[in-house]
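# What the coordinates show
Letter by letter, the chains look like this.
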Amino acid sequence: MFDKDEKIIEFKPKCPHTLPQDWEDEGNPTIYEINATLETLKKMYADQVRDIEQGKISEEQGEESLRNVATNYQSIKSILFQPR
């Protein structure tokens, strides 16, 4: 489809801290709201990994938080690929 990856535009949300409770209509989010939420969850995951590595939180607590973020990410992502 594309000859080179540099032609692909990276999605950068205007509201970088978007979660489902921030959606205008929680039952029917826009594609923008979904993508912004996925970006937020990716950032949360990376921040959590950094906090674990730096010893700011216990490994057990951090692992639980990472599981929660990953589960939320998969749940939100599944909205994009619902069967028709």
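Structure's up top.
Residues numbered from 1 in each chain as written. Predicted model: local features only at pLDDT ≥ 70, side-chain atom pairs only at ≥ 80, totals over all residues. Heavy atoms only, no water.

## Focus: the overall build of the chain
Counting secondary structure elements, the chain contains two helices and zero strands. Across the 84 residues of the chain, 23% fall into the buried class. The contacts in the chain between residues at least 6 apart in sequence include a share of 48% that link residues at least 24 apart. (Helix = DSSP H or I, 4+ residues; strand = E, 2+ residues; numbered from the N terminus. Buried < 20%, exposed > 50% of the residue type's maximum accessible area, 1.4 Å probe, protein only. Contact = heavy atoms within 4.5 Å.)

## Observations regarding the environment of S65
Within the secondary structure layout, S65 lies in helix α2 (residues 59-80). Given the relative accessible area of 22%, S65 is considered partly exposed. In this structure, the C-alpha to C-alpha distance between S65 and V49, residues 16 residues apart in sequence, is 9.6 Å.

## Here we look at a nonpolar patch on the surface
On the surface, a nonpolar cluster with roughly 400 Å² of combined accessible area is contributed by I31, Y32, L80 and F81. Tracing the chain through its elements places L80 in helix α2. (Patch = residues over 30% accessible without salt bridge, like charges linked within 9 Å, V, L, I, M, F, W, Y side chains within 5 Å. Areas by Shrake-Rupley, 256 points an atom, 1.4 Å probe, with all protein chains shown as cover. Salt bridge = Lys/Arg side-chain N within 4 Å of Asp/Glu carboxyl O.)

## Observations regarding the environment of A46
Among the secondary structure elements, A46 is positioned in helix α1 (residues 31-53). In this structure the C-alpha to C-alpha distance between A46 and L66, which are 20 residues apart in sequence, comes to 9.1 Å.

## Brief notes about α2
Under the 1.5 Å per step criterion, the end-to-end length of α2 is 32 Å for 22 residues, consistent within 8% with the ideal 32 Å. Packed against the buried residues of α2 are α1. (Expected span 1.5 Å × (residues − 1).)

## Describing the pattern of salt bridges
Following the criterion strictly, the structure yields five salt bridges and no others. Between R50 and D51 there is a salt bridge, and its shortest N-O distance comes to 3.6 Å. Between E64 and R67 there is a salt bridge; the shortest N-O distance is 2.9 Å. Of this pair, E64 and R67 both sit in helix α2, separated by three residues, roughly a single helical turn.

## Some details on α1
Residues lying three or four places apart along an α-helix face the same way, a consequence of the helix completing one turn every 3.6 residues. Taking 1.5 Å as the rise per residue, α1 with 23 residues should run 33 Å; its terminal C-alpha atoms sit 33 Å apart, in good agreement. All of the buried residues along α1 are E33, I34, A36, T37, L38, T40, L41, Q48, D51 and I52. Close packing links the buried residues of α1 with α2. Directly after α1, the chain includes G55, whose backbone phi takes a positive value near 75°.

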